[in-house]
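Inside the fold
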Amino acid sequence: SYSLYFIVSELWASAGVPLLFWQVANDVTPLQKAKRFYPLFAVIGNLAPIASGKIMAYIVSLQKTLDDDGFGFTLKRLATIKIAICIGIITLYNLVYVMSDNAATIENIEVTKKRRRGANIKKKATPSTPAKKKLTLLESMKELSKSKELKAMATMVFCYNTCIELTEVLWKGILRKTYSNKSDYMAYMAKFSQTVGYIALALQLSASTIISQLGWKWAASLTPLTMVILAIPFFVSASKAATASASTSVSTSVTLVSALTIGTWQNVASKVTKYSLFDPCKEMAYIPLGPDAKVKGKAAVDVLGARLGRSMGSATQQILVSSFFGNGNILNCAPSLGLVYVSTVVFWMRAVHILASLFKEGGEGEGEGEGQKRRK
């Protein structure tokens, strides 16, 4: 039951928000209002890590004992809050569609009244939209293979999730060694969540300026460049921590704290740049595509690419840990994981370059920023 719980939790990040939420937003938001409300949705979304971090920190502070019983009581409280939030999401989901249907009904009544009054208003004929077919795994891969743009976007999503898996598991392994107590571990994660939320919120407000000044290509390149610049010292410090583990405890604790600090900021940068730059650039890349590619391609890229990326990162770690490189300890795998990480970023940057070139050839002008255009 624990494994199933965490499997479903992982799906929320790849299918719940990127696919299901934005599908609802597309259904109920008129095109002329999308530019106004979509950035607002993203800004409000960045408040979630701040709120969840504060709630988690408060619940942990209420824990009276540091044993398993006290920690279990904390988990029950958090689970109760999650259930209440899920009920709220279901209620809001149905309420949004009821309000959308009512608005459409009122609009149709107003148009009918104007026609009866003799107003020469012709309602634009809207072609019937065929029912969206749910894609199987094989169909998703076929859909990706048809478009160079979708393959490049899938590579970007795949590489991001692979990189996240390679650093996040190693970082959490160091975090567990540094904070062996479960309550201290949760308190640290609460602070981490709040930090991500605050920085992402600040960067989100300037993301449109960054994209317009740098252009799509360089704005999309900021995420992998930032991640790899911080990942290299993280893997180096983790390797030193593995080497120092055989020496004195003081040396080991110092290297672990150093690796934890660098890894924390690397993970903060990874998530912040994803929310503020990677996701907007990825959504912008769908705009020039056809309607079928937008619907079917988005489902294939966001879900399939994300899951395969996580699976690749996990498989790489399992193979290395079980081999003579790791010897059962993930810290020993830090140098090998670093090489895989850098190689993945190279493929990621290549996909960004290919996608920017394809849009430039198509006359979309995505590779050029507004600031560059003005200078010309």
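Residues numbered from 1 in each chain as written. Predicted model: local features only at pLDDT ≥ 70, side-chain atom pairs only at ≥ 80, totals over all residues. Heavy atoms only, no water.

**Considering the overall build of the protein**
What counts is decided by this rule: Strands are runs of DSSP state E lasting at least two residues, helices are runs of H or I lasting at least four, and both sets are numbered from the N terminus onward. Relative accessibility decides the category of a residue: with a 1.4 Å probe and only protein chains considered, values under 20% of the type maximum give buried, values over 50% give exposed, and everything between is partly exposed. Contact definition: two residues touch when any of their heavy atoms are within 4.5 Å.
Each helix and strand counted, the protein has 11 helices and zero strands in total. In the protein, the succession of α and β elements from N to C terminus is α-α-α-α-α-α-α-α-α-α-α. Counting only residues that meet the buried cut, the protein has 38% of its 376 residues in that class. Nonlocal contacts in the protein, meaning residues at least 24 apart in sequence, comprise 76% of its contacts between residues at least 6 apart.

**Section: the packing of helix H6 (residues 148-178) against helix H7 (residues 182-244)**
So the rule is basically this: In this description, a line fitted to the C-alpha atoms serves as the axis of each element, helices being fitted only across the stretch in contact, and the angle between N-to-C directions of two axes falls anywhere from 0 to 180 degrees. For classification purposes, an angle smaller than 35 degrees is called roughly parallel, one larger than 145 roughly antiparallel, one from 65 to 115 roughly perpendicular, and anything else oblique. Here a crossing is called left-handed whenever its near helix is offset anticlockwise from the far helix by less than a right angle, and right-handed whenever the offset is clockwise. All residues other than Ala, Val, Leu, Ile, Met, Phe, Trp, Tyr, Cys, Pro, Asp, Glu, Lys and Arg, Gly among them, are scored as polar; the first ten of these are nonpolar and the last four charged.
Between H6 and H7, whose axes approach to 7 Å, the crossing angle comes to 155°. Here H6 lies roughly antiparallel to H7, going by the angle between them. For the crossing formed where H6 meets H7, the hand is right-handed. Facing H6, whose interface residues are Met156, Tyr160, Cys163, Ile164, Leu166, Thr167, Leu170, Trp171, Lys172, Ile174, Leu175 and Arg176, H7 presents Tyr185, Tyr188, Met189, Phe192, Trp216, Met227, Phe234, Phe235 and Ala238. Along the lines of polarity and charge, the residues of the contact of H6 with H7 split into 18 nonpolar, one polar and two charged.

**Thoughts on the nonpolar core**
To be explicit about the condition: Residues grouped as a nonpolar core are buried Ala, Val, Leu, Ile, Met, Phe, Trp, Tyr and Cys residues, joined through side-chain atoms within 4.5 Å.
Formed by 61 residues in total, the largest nonpolar core has its most connected members in Leu170, Ile174, Trp216, Tyr341 and Trp348. Contributing elements (two or more residues each) for this core: H6, H7, helix H8 (249-285), helix H9 (291-322) and helix H10 (334-361). Ranked by residue count, the leading element in this core is H7, at 19 residues. Discounting residues that sit within four places of it in the chain, Trp348 has contacts with Met156, Cys159, Tyr160, Cys163, Thr223, Pro224, Met227 and Phe278. Formed by five residues, the second largest nonpolar core is a distinct cluster that contains Ile59, Val60, Phe71 and Leu78.

**Some details on the confidence of the model for the protein**
Heads up, the condition is: By definition, pLDDT measures how confident the predictor is in each residue, and it falls between 0 and 100.
Taken over all residues, the pLDDT of the protein has a mean of 78, while the share at 70 or more is 76%. When pLDDT is averaged over each element of the protein, H6 comes out on top at 90 and helix H11 (residues 370-375) at the bottom at 42. Ignoring residues within four places in sequence, the model shows residues 120-132, a span with pLDDT below 50, making nine contacts including any to other chains. Of the regions scoring below 50 in pLDDT, residues 364-376 engages in 24 contacts with residues more than four places distant in sequence or in other chains.

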